[in-house]
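Letter by letter, the chains look like this.
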Amino acid sequence: MVGYCLTIVRVGGKASTPLEQTPPKRKKAGNSAAGIPAIISTAKHGISKMGILHSITSFSRVNKFDGFDCPGCAWPDPDDNRTIAEFCENGAKAIADEGTKKKADPNFWSKWTISELSEKSDQWLNSQGRITDPMILREGSEKYERILWPDAFSIIAGELSQLENSDKAIFYTSGRTSNEAAFLWQLLARSYGTNNLPDCSNMCHESSGVALSETIGIGKGTVKLEDFEKADLIIVVGQNPGTNHPRMLTALRDAKKSGASIISINPLKEKGMIRFKHPQNPLELFGYGTAIADDHVRVRINGDMALFRGFAKEIFSSKCEDSNFIHRYTTGSDDYRKIVENTGWEEISEISGIEISEIRRIGRIIGSAESVITCWAMGLTQHQNSVATIQEISNLHLLCGHIGNPGSGLCPVRGHSNVQGDRTVGINHKPSEEFLKSLETKFQISLNRSGGYDAVESVRMMSEAKNCVFLSMGGNFLSAMSDTKATADSLNSCSLTVQISTKPNRSHLITGKTALILPCLGRSEIDRSGTKNQFVTVENSMGVVHMSKGRARPASNNILSEPSIVSGIAESLEEIIGDSGIRWKWLSEDYNRIRDCIEETIPGFEDYNSRCVQDGGFYLPNPPRDSLEFNTESGKAKFVPNNLSSTIARDGLFIMMTIRSHDQYNTTIYGTEDRYRGISGGRRVVFMSKSDMDANGWKDLQVVNLTSHFKDKTIFSEGWYIFEYDIPPGNIATYFPESNILIPLESVAEYSNTPTSKSVVVSIST
Ligand SMILES: Nc1nc2c(c(=O)[nH]1)N[C@H]1C(S)=C(S)[C@@H](COP(=O)(O)OP(=O)(O)OC[C@H]3O[C@@H](n4cnc5c(=O)[nH]c(N)nc54)[C@H](O)[C@@H]3O)O[C@H]1N2
Ligand SMILES: Nc1nc2c(c(=O)[nH]1)N[C@H]1C(S)=C(S)[C@@H](COP(=O)(O)OP(=O)(O)OC[C@H]3O[C@@H](n4cnc5c(=O)[nH]c(N)nc54)[C@H](O)[C@@H]3O)O[C@H]1N2
Ligand SMILES: [Mo]
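Residues numbered from 1 in each chain as written. Chains lettered and ligands numbered in written order. Predicted model: local features only at pLDDT ≥ 70, side-chain atom pairs only at ≥ 80, totals over all residues. Heavy atoms only, no water.

**A short note on the domain arrangement of the protein**
Logical step 1: Per the domain assignment, the segments making up the protein are domain 1 (8-30 + 649-765), domain 2 (103-200 + 418-605) and domain 3 (206-413 + 630-638).
Logical step 2: Put simply, the middle of domain 2 and the middle of domain 3, counted by C-alpha atoms, are 36 Å apart.
Logical step 3: Taken residue by residue, the interface counts 7 residues in domain 2 and 9 residues in domain 3.
Logical step 4: When the two sides are added together, the surface that domain 2 and domain 3 hide from each other amounts to roughly 530 Å², 47% of it contributed by carbon and sulfur.
Logical step 5: The largest contributions to the domain 2 side of the interface with domain 3 come from Q420, S541 and M542, which together make up 72% of the buried area.
Logical step 6: The interface formed by domain 2 and domain 3 contains 2 salt bridges.
Logical step 7: With a closest N to O distance of 2.9 Å, E539 and K220 form a salt bridge.
Logical step 8: Summed over the shared surface of domain 2 and domain 3, the result is 4 residue pairs in polar contact (both at pLDDT 80 or more).
Logical step 9: The biggest single contributor to the side of domain 2 that touches domain 3 is helix α21 (residues 419-424), with 3 residues.
Logical step 10: Here the side of domain 2 that touches domain 3 is built from residues that sort into 1 nonpolar, 4 polar and 2 charged. (Domains from an automatic or database assignment. Contact = heavy atoms within 4.5 Å. Buried area = accessible area lost by both parts, 1.4 Å probe. Salt bridge = Lys/Arg side-chain N within 4 Å of Asp/Glu carboxyl O. Polar contact = N/O pair within 3.5 Å; in protein donor to acceptor, adjacent residues only side chain to side chain. Helix = DSSP H or I, 4+ residues; strand = E, 2+ residues; numbered from the N terminus. Nonpolar A, V, L, I, M, F, W, Y, C, P; charged D, E, K, R; others polar.)

As structure tokens, then:
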């Protein structure tokens, strides 16, 4: 179709998800988020997977002070009143999914070959239930078989000890991992000799961390939940809270009731940003609910940097900046002013896709607001210019003094429930010298100083070096990563791949010569490792560290906790390579001991063991938020003037964003309903505007093929259904993980190296 002729890599087969034979159906989408349909969906998932009794007991323990932290997302809970603990439809789905009665036991694995399993959908794989026993796929074999824990540990130890250098091992982490497991995991990797600790953050909020570390000296947000009620204006940009952080809608509703205005900036008019009916409030359920966004800015994909530049331009020209704040707390404002003044309105409007008068109107609203919070998620972090875009938002907040004041601040909304905690306790491929030194002092070991690989670099290294060992603490690396074929090739080239998992996924099927699945306890389950009942701790999106204690009976008697698995691997390894002196087993038998180690090596964890059990836990220090202090070279916050940029598609090409449906948790697919967007019964959907369909003569639900283009690489993927949708012309959307096959490994964000999952250049053919 499109005249863009280069070598085409054809991808199909095992690593990718199977095609769908029937088109999806269009359903009425309703006008509000949550409400009665959310209650019905919660009950359906809970009862069908866990049974009535287990559902009631599990749902009643979630997010209570002495209960377990919801594995759904990292949105915080109120610090004080938790009499009616909040939980949401999607949290309930995550809990029911973990609490399912179904078991992927040795019997299940003996029935199916790897090739047969790889023909199944992701939804089918996950629905097979909890993994009950450690399993091994031996070299040359087509089926997993049961293995004893000590034997599994010795195989890992044997392979690790034989690598010619320790940088041929990769220790991946997914963000559900507790602080305790994560700390031990990084200690294992580093004491073994490598900093190769890629994590899901590399594909997620890495851009936020990199951007904010430079501007405000901390890679985290600067607001507390209570700030939402004090805010005059809340901007939600590149985020779909109705689906991915439903409890955030309560904070937005309450802010609205306290008089805040809300602006949504998104190519899609997402349901949760329109109207919300709280499912635990009968008055709202049967009434109209609360209208959420006052303004909806239908920005083009990746037009946000231009848009925020426009807001700043209007604020400068209407002299709304906060000169006192700028003078006292910041550096670099003159250079920033220059670059803003030199950016023309036409360019700003063309890139953002928004009219100049509209940008100026919103700019004046921001300029005159007393206090402003900006929230964002993947719609901003997964583009080539993500770091620059987030710095533009930081610049705007500095310009108006909206940091470190009540009701004001920057709010990157984290995804996985402990992804922020994992980074805090040391899951970092680029550890600071200070942290390495403190580990060396505490454990009397000496550590490798060479920087480790992130997710993209790990894929490249494993493919080049061959015969590496890939170990995964949770997650589903194969399906979560960009360029599914390149990722599959890299995993296939390993001598050993190890997955510490709760449920079956595609990473169990695309493996090294030998593969192990090590089943672990989930967050909601009782952990009796060592001598007593254990609990873990996690950190939410606003820097609160608190306890999480499971109460449900474990899915099997033969699964271990994550810390016990790490200590099992470490003890076996040290039998071969020599004793490090770290008392792995002793640590994993009482998590208070792990927390003591964290306290001794990482600032902010003073009295960890006593503070984490207090109701609601404790806040980690956050200098910009707490005292307007900035851990930068100058001691002040920094304006960063970046040249305006955007990924633009010309000559009949489209920009594609890869997003989540309402019925999935990342690569875990619960079903094929995207209720808020009115789609049912399929996931290989291409959201497209009516004008693009008309211009090309394409029809609704027509099957098309997608080809991505990056430099001289193209990737082809067949079997997608066009779905007419209200989306800016030139922009399309598909669901991840199906579309990950199309995202070239080489297409990454500058500085953060995050795959550009939200701006993929594609052509469409019939
Ligand atoms: N139920 C559920 N909850 C989840 C998850 C899940 O899969 N399911 N995943 C968890 C994880 S790990 C994460 S990181 C978060 C993800 O939470 P989100 O970031 O909300 O997830 P996405 O579906 O990727 O949504 C991105 C949103 O950004 C918009 N967008 C895309 N490109 C652009 C752009 O260029 N500009 C603007 N302004 N908007 C854009 C899309 O239209 C969409 O509304 O959710 C967490 N919570
Ligand atoms: N195209 C595209 N790709 C993306 C994204 C996107 O928006 N677009 N988003 C990216 C983002 S934001 C993220 S965070 C990554 C997610 O990447 P990952 O974190 O790697 O993936 P998940 O799908 O969350 O992992 C699901 C698996 O985790 C295991 N699991 C669940 N609970 C537990 C537990 O308690 N312990 C252990 N050990 N295992 C458990 C289960 O076996 C399950 O199959 O994907 C990224 N990939
Ligand atoms: Mo994420």
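From this point, the discussion proceeds with the structure in view.
**What to know about the packing of aromatic side chains**
Logical step 1: Summed over the entire model, instances satisfying the criterion amount to 23 aromatic pairs.
Logical step 2: Centroid distance W112 to W124: 5.1 Å. Interplanar angle 75°. Geometry classified as edge-to-face. A residue pair is termed long-range when its members are at least 10 positions apart, and W112 in the loop between α4 (106-111) and α5 (114-118) and W124 in helix α6 (residues 122-126) qualify at 12 residues.
Logical step 3: Take W112: its relative accessible area is 23%, and that puts it in the partly exposed class.
Logical step 4: According to the relative accessible area criterion, W124 is partly exposed, its value standing at 23%.
Logical step 5: Arranged with centres 5.0 Å apart and planes meeting at 45°, the rings of F325 and Y329 form a pair that is tilted. On the criterion of helical spacing, the pair formed by F325 and Y329 is a turn pair, its members being 4 residues apart in helix α15 (residues 323-329).
Logical step 6: Note on Y329: relative accessible area 17%, which makes it buried.
Logical step 7: Joined through ring pairs, the aromatic side chains of F108, W109, W112, W124 and Y144 make up one cluster. (Phe/Tyr/Trp six-rings, centres within 6.5 Å; stacked < 30°, edge-to-face > 60°. Buried < 20%, exposed > 50% of the residue type's maximum accessible area, 1.4 Å probe, protein only.)

**A look at the nonpolar core**
Logical step 1: Ranked by size, the top nonpolar core spans 59 residues in total, and within it F183, W185 and L518 carry the most contacts.
Logical step 2: At 8 residues, helix α8 (residues 179-192) tops the list of elements feeding residues into this core.
Logical step 3: L233, F308, F316 and A637 belong to the second largest nonpolar core, which has 51 residues in total. (Core = buried A, V, L, I, M, F, W, Y, C linked by side-chain atoms within 4.5 Å.)

**Considering the pattern of salt bridges**
Logical step 1: Here the structure, examined in full by the defined rule, presents 47 salt bridges.
Logical step 2: Close ionic contact of R253 with D254 constitutes a salt bridge, the shortest N to O distance being 3.0 Å.
Logical step 3: Overall, R253 belongs to the buried group, its relative accessible area being 9%.
Logical step 4: By relative accessible area, D254 is classed as partly exposed at 23%.

**Quick notes on the site of ligand 1**
Logical step 1: Every one of the 33 residues lining ligand 1 counts as a neighbour, but N266, E270, N302, D304 and N666 are closest to it.
Logical step 2: Take E270: an N or O atom from its side chain is 2.6 Å from an oxygen atom of ligand 1.
Logical step 3: Here an oxygen atom of ligand 1 sits 2.7 Å away from a polar atom, N or O, in the main chain of N302.
Logical step 4: In isolation ligand 1 exposes 920 Å². Once the protein is present, 99% of that is buried.
Logical step 5: When residues of the shell around ligand 1 are traced back to their parent elements, those giving at least two are α11 (241-244), α19 (378-381), β24 (654-659) and β25 (664-665).
Logical step 6: Its residues placed into classes, the shell around ligand 1 shows 13 nonpolar, 16 polar and 4 charged.
Logical step 7: Here the shell around ligand 1 spans two domains, since at least three of its residues come from each of domain 1 (8-30 + 649-765) and domain 3 (206-413 + 630-638). (Near = heavy atom within 4 Å. Areas by Shrake-Rupley, 256 points an atom, 1.4 Å probe, with all protein chains shown as cover.)

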